[in-house]
Amino acid sequence: MGITSQILDPDHWQAALAALDWQVEMGLSDWVQEGPVNRYDLPERLERPSETAPAPARTPQTGPQTPQSDPVAVAQRAAAAADSLAALRDAIAAFDHCDLKKGARSTVFADGNPVARVLILGEAPGREEDQEGLPFVGRAGQLLDRMFEAIGLSRQSSDPASALYITNVLPWRPPQNRDPSPEEIAMMRPFVERHIALINPDIIVALGNIPCMALLNEKGILRLRGTWAQALNKPVLPMTHPAYLLRTPAAKREAWADLLALKARLHEIRS
Ligand code: URA
């Protein structure tokens, strides 16, 4: 019996579903085809210019790149022009210089309460976030919610004192959840800075290495975690990422110490 007829057979579809569940459990996140597909290939008609058509005249490249083609300069201008969260969301969605955008389903902007005193800065959307268009909705996100609820903070709260605002350095899911490159971080940094300026939180929590790179220009979250730093004139608390805590439950003790330090600092600022 062929695989397709086995799957359609009522005696076999449950086995097929169980096999699929097992693969997802083991970390499968994307379907691949028999052969590689280069999604950045130009369409056929652009690939082969007509043999009779004259070659387009080339503009000589002289001097350094113009600011229009420098992704960081373009991002800086777009971010500076965004005078509201809605305008910033539109500016990010319109930014075409980051290749991650081409492979993503959603531009994941933020979640939570914009008047929150605590802003959580994560790394980049994963598969579930890309599907739902919201940050931290997968397993790591559920752990994040439980961690911060344990010190009385929630993205659902309407009270600024107990609210959270959550965003990421990258609004697009990197393929296979790879780490974003330094160039990708650098070109999205102006948007992160503007986002933080518009929210104006009392405290930023940098979850994992990528936000530490973006805000502090430093890597090594296991060394940085729990030590207060300063960026954009705000106190920054680096903490280990909840995805790391899911893999390394023994590290939850230190994460709890960091949450208590955050709670104490908030109390200090308030009084
Ligand atoms: N990990 C992150 O850093 N951000 C998300 O939104 C989801 C997972």
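Everything that follows concerns the structure shown earlier in this document.
None of these values were measured; they are calculated from a predicted model. (Residues numbered from 1 in each chain as written. Predicted model: local features only at pLDDT ≥ 70, side-chain atom pairs only at ≥ 80, totals over all residues. Heavy atoms only, no water.)

> I'd like to hear about the site of the ligand, residue by residue, with values.
Around the ligand sit G122, E123, A124, P125, E129, P135, F136, N168 and H241, and those are all the residues in its vicinity. Between N168 and the ligand, the recorded distance is 2.9 Å, taken from a side-chain N or O atom to a nitrogen atom. Protein contact buries 92% of the 230 Å² of open area that the ligand shows by itself. Taken together, the residues of the shell around the ligand break down into four nonpolar, three polar and two charged. (Near = heavy atom within 4 Å. Polar contact = N/O pair within 3.5 Å; in protein donor to acceptor, adjacent residues only side chain to side chain. Areas by Shrake-Rupley, 256 points an atom, 1.4 Å probe, with all protein chains shown as cover. Nonpolar A, V, L, I, M, F, W, Y, C, P; charged D, E, K, R; others polar.)

> Give me the sheet that holds strand β3 (residues 164–168): which residues, what numbers.
Taken together, the six strands give an open sheet; going across it, the order is β1-β3-β2-β4-β6-β5, and neighbouring strands pair in mixed fashion. If you trace the sheet from one side to the other, it starts and ends with β1 (110–112) and β5 (229–231), each paired once. Each adjacent strand pair in this sheet contributes to an overall mean axis angle of 30°, direction not counted. Summarising the sheet, β1 and β3 pair through three bridges and their orientation is antiparallel. Pairing of D111 across the sheet is with I166, part of β3. (Pairing = 2+ DSSP bridges. Helix = DSSP H or I, 4+ residues; strand = E, 2+ residues; numbered from the N terminus. Axes fitted to C-alpha atoms, helices over the stretch in contact; angles between N-to-C directions.)

> So what's going on with the side chain of S106? Which residues, and what values?
Along the chain, S106 turns up in the loop between α6 (100–103) and β1. Polar side-chain contacts of S106 include one of 2.3 Å to the backbone oxygen of D130. Residues within four places of S106 in sequence aside, it is in contact with E129, D130, Q131, G133, P171 and W172. (Contact = heavy atoms within 4.5 Å.)

> Explain the pairing of strand β4 (residues 203–207) to me, and be specific about the residues and the numbers.
On a regular strand, each side chain points to the face opposite its neighbour's, so the side chains alternate between the two faces of the sheet. Burial of β4 is extensive: five of the five residues sit out of reach of the surface. Across the two faces of β4 the burial is the same, with I203, V205 and L207 and I204 and A206 all buried. Across four bridges, β4 lies against strand β6 (residues 234–239) in parallel orientation. Within β6, the residue paired with I204 across the bridge is V236. (Buried < 20%, exposed > 50% of the residue type's maximum accessible area, 1.4 Å probe, protein only.)

> I'd like a rundown of the packing of aromatic side chains, residues and numbers included.
Enumeration over the complete set of coordinates arrives at one aromatic pair. Each ring, one from F95 and one from F191, has its centre 5.2 Å from the other, and the planes form 70°; the classification is edge-to-face. Of the two residues, F95 is situated in the loop between α5 (85–93) and α6 and F191 in helix α9 (residues 182–199); the sequence distance between them amounts to 96 residues. One exposure class covers both F95 and F191, and it is buried. (Phe/Tyr/Trp six-rings, centres within 6.5 Å; stacked < 30°, edge-to-face > 60°.)

> Can you tell me about the pairing of β6, naming the residues and giving the values?
A large share of β6 lies buried, amounting to six of its six residues. Here β6 shows no split at all, with K234, V236 and P238 on one side and P235, L237 and M239 on the other all buried. Sheet topology note: the β5/β6 ladder contains three bridges and is antiparallel. Across the sheet, the residue bridging to A231 is K234, located in β6. Between β5 and β6, which pair antiparallel in sequence order, lie two residues; one of them, L232, sits at a positive phi of approximately 55°.

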